[in-house]
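Coordinate analysis (summary)
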Amino acid sequence: MDGEFIVNGERLKVSFRPAATLLDILRREGHTEVKEGCREGQCGSCVILLKGRLVNSCQVLAASAMGKEITTVKGLGSLHAPHPIQTAFVEAGAVQCGFCTPGMILASYSLLKKNQNPDEEEIRKALDGNLCRCTGYVKIVDAIKLAARRMRTDE
Amino acid sequence: MKELCWYFPSSMDEVSTLLKKRGVIPYGGGTGILKTGLNRVEGLIDLSCLPIHFFRRDNNDRYNGSSYGRIEIGATQTFAEVTEQLGQGHILGCALGKSASTPLRNRITVGGSMALFPAWSDLMGPLIALEAEVTLAGEQQGTYPITHYLTERGLRKQTLITGISFPDTTWSFQYFRHTRTHFDYPAFTISLLLKKDGEKVSDLRVVVVGCSGKYKRLHQVEESLIGRLGEEIESISVSRIPFTGKKFMSSEYLEHCAQVELERRLLALLKGEIFHG
């Protein structure tokens with residue numbers, strides 16, 4: 001089947017099999033920042049924002065998302081113009097192997113959009129669908145607190 | 001293998017016709033369908049354009065002569081949306097807010113979760129306790145008490161859940177999910193609702209989900225406590241709740257845990273303690 005998606009503000013026209021997931025299509029079309037992990041909705045490596053909501057792209061059949069707005073981590077910032085959350089992750093040492101990082105940053109963005117001053121419990125709850133096997137989460141929580149402070153004060 | 005067909009209806013009449021097709025099922029959030037597999041599915045009905053994405057709370061709409069209104073939730077509302085609307089101070093908002101994970105709560109729908117009713121459901125215990133009603137479209141169009149929907153399998157044939165509703169009234173509650181780690185499917189859940197008239201128990205609902213037969217409402221416990229003074233109840237006798245053993249938990253272990261937790265939570269609720277574990 002043929003469909004159109006709006007990925008990071010750009011129209012993406014693709015042909016795909018009816019049972020394809022959004023994860024399959026995004027990666028096939030070069031959005032490899034959307035990581036393939038468990039394919040069961042457990043690890044959060046593949047999360048994206050679909051109409052502004054954080055979802056596991058491995059759990060969404062692409063046909064159901066046609067015409068809808070999709071944001072990947074590349075839609076938040078770039079190497080030369082990073083988002084404050086991306087900068088905070090680097091500065092707080094919240095990145096080790098980096099595989100979970102795109103998902104972590106999108107989960108953080110989704111949280112900070114709704115709650116600009118989250119406490120530790122709220123941060124950990126917002127990350128409950130994102131697994132990291134390297135950091136132990138302490139630096140990630142630090143990074144989100146740092147990003148939240150900067151975004152509040154426009155540092 | 002035959003390719004899947006997608007249908008994008010915009011009216012309930014179209015849906016009713018599509019549901020008569022062999023192997024065609026509704027697609028809401030999709031998480032349940034992907035878990036059970038697409039092998040036997042020939043077609044999917046996308047529900048996103050149908051008028052079943054709503055949350056209505058009308059306290060002026062008196063229902064069946066009662067003194068309170070109804071909360072109506074459309075079938076494609078996600079767990080996250082319901083939690084945002086109801087908040088943690090309502091048993092359903094509290095339970096759905098603890099279910100699965102943030103990205104999954106943004107996809108799992110009320111209708112899909114009800115249709116599949118997995119043993120680890122965080123939705124069904126509160127709905128059974130609230131004595132919710134289910135509205136169906138299609139072959140068995142109508143509104144049915146939730147327990148009737150669950151026992152009459154014929155109601156699921158060629159039908160679509162369009163929404164649920166329950167009385168909009170205030171309860172004291174406790175919701176407990178038995179898990180090994182925070183991000184775990186609960187082995188069982190306990191939903192308790194309580195109303196007091198002064199110090200006397202005026203209404204009580206006790207539901208366990210995850211036991212043999214999927215759920216059990218403990219009418220005997222409810223009846224034994226209604227009319228008594230909450231503060232004076234020192235112990236509660238809960239009869240055996242049968243369980244089927246799971247991979248890492250025997251039936252005896254689950255029975256014991258359920259009995260202990262139920263007695264503990266119920267006593268705490270009667271004494272006015274709040275626990276949403």
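Cut-off values and rules
- Residues numbered from 1 in each chain as written.
- Chains lettered and ligands numbered in written order.
- Predicted model: local features only at pLDDT ≥ 70, side-chain atom pairs only at ≥ 80, totals over all residues.
- Heavy atoms only, no water.
- Domains from an automatic or database assignment.
- Axes fitted to C-alpha atoms, helices over the stretch in contact; angles between N-to-C directions.
- Helix = DSSP H or I, 4+ residues; strand = E, 2+ residues; numbered from the N terminus.
- Parallel < 35°, antiparallel > 145°, perpendicular 65-115°, else oblique.
- Left-handed = near helix turned anticlockwise from the far one by under 90°.
- Contact = heavy atoms within 4.5 Å.
- Nonpolar A, V, L, I, M, F, W, Y, C, P; charged D, E, K, R; others polar.
- Pairing = 2+ DSSP bridges.
- Core = buried A, V, L, I, M, F, W, Y, C linked by side-chain atoms within 4.5 Å.
- Buried < 20%, exposed > 50% of the residue type's maximum accessible area, 1.4 Å probe, protein only.
- Buried area = accessible area lost by both parts, 1.4 Å probe.
- Salt bridge = Lys/Arg side-chain N within 4 Å of Asp/Glu carboxyl O.

For the rest of this paragraph, the subject is the domain arrangement of chain B. Note: interface size is frequently given as the accessible area lost on complex formation between the parts. Here chain B is partitioned into domain 1 (5–46), domain 2 (55–168) and domain 3 (172–270). For domain 1 of chain B versus domain 3 of chain B, the distance between C-alpha centres works out to 36 Å.

Residues and elements named next belong to chain A. Where helix H2 (residues 84–91) meets helix H5 (residues 138–153), the closest approach of the two axes is 8 Å, and the angle between their N-to-C directions is 135 degrees. Taken as axis vectors, H2 and H5 run oblique relative to one another. When you trace H2 past H5, the crossing you get is right-handed. Residues Pro84, Ile85, Thr87, Ala88, Phe89 and Glu91 of H2 form the contact with H5, whose own contacting residues are Ile140, Ala143, Ile144, Leu146, Ala147, Arg150 and Met151. Among the residues forming the contact of H2 with H5, the class breakdown is 10 nonpolar, 1 polar and 2 charged.

Turning next to the environment of A:Lys139. Considering the arrangement of structural elements, one finds A:Lys139 in helix H5. The spacing of A:Lys139 and A:Glu69 is 70 residues in sequence and 31 Å in space, taken between C-alpha atoms.

With that settled, consider the sheet that holds strand S9 (residues 172–178) of chain B. Residues and elements named next belong to chain B. Read from one edge of the open sheet, 4 strands run S9-S10-S11-S12, paired in antiparallel fashion. Only two strands of the sheet have a single neighbouring strand rather than two, namely S9 and strand S12 (214–217). This sheet shows a mean twist of 10 degrees between the axes of neighbouring strands, independent of strand direction. As paired strands, strand S11 (residues 200–211) and S12 are joined by 4 bridges and run antiparallel to one another. Within S12, the position partnered with Val208 by the bridge is Lys216. Against the sheet, helix H4 (residues 91–98) makes contact with S9 and strand S10 (188–197), and its axis sits at roughly 20 degrees relative to S9, the strand it touches most. Sitting on the sheet, helix H10 (residues 251–270) is in contact with S9, S10 and S11, with an inclination near 25 degrees to S10.

Bringing the nonpolar core into the picture now. Residue and element names in this part refer to chain B. In terms of nonpolar packing, the biggest core is built from 51 residues, with Ile73, Leu92, Met114, Leu123, Leu127 and Phe166 touching the most fellow members. Take this core: its biggest share by element is 5 residues, from H4. Apart from residues no more than four positions distant in its own chain, Phe166 is found in contact with Gly69, Arg70, Ile71, Ile73, Leu86, His90, Leu92, Leu127, Leu130 and Ala132.

To continue, consider the environment of B:Ser239. Secondary-structure assignment places B:Ser239 in the loop between helix H9 (219–225) and H10. Separated by 18 residues in the primary sequence, B:Ser239 and B:Val221 place their C-alpha atoms 8.4 Å from one another.

Quick look at the interface of chain A and chain B now. The partner chain B presents 30 residues to the 25 residues of chain A that form the contact. Interface area for chain A against chain B, summed over the two sides, is near 2,200 Å², with a carbon-plus-sulfur share of 54%. Taken as a group, A:Arg53, A:Gln59 and A:Asp128 account for 27% of the area that chain A buries against chain B, more than any other trio of residues on that side. Linking chain A to chain B there are 3 salt bridges. A salt bridge links B:Glu3 to A:Arg17; the nearest nitrogen and oxygen atoms lie 3.2 Å apart. Elements with a contribution of two residues or more to the side of chain A that touches chain B: strand S3 (47–50), strand S4 (53–56) and helix H4 (120–126) of chain A.

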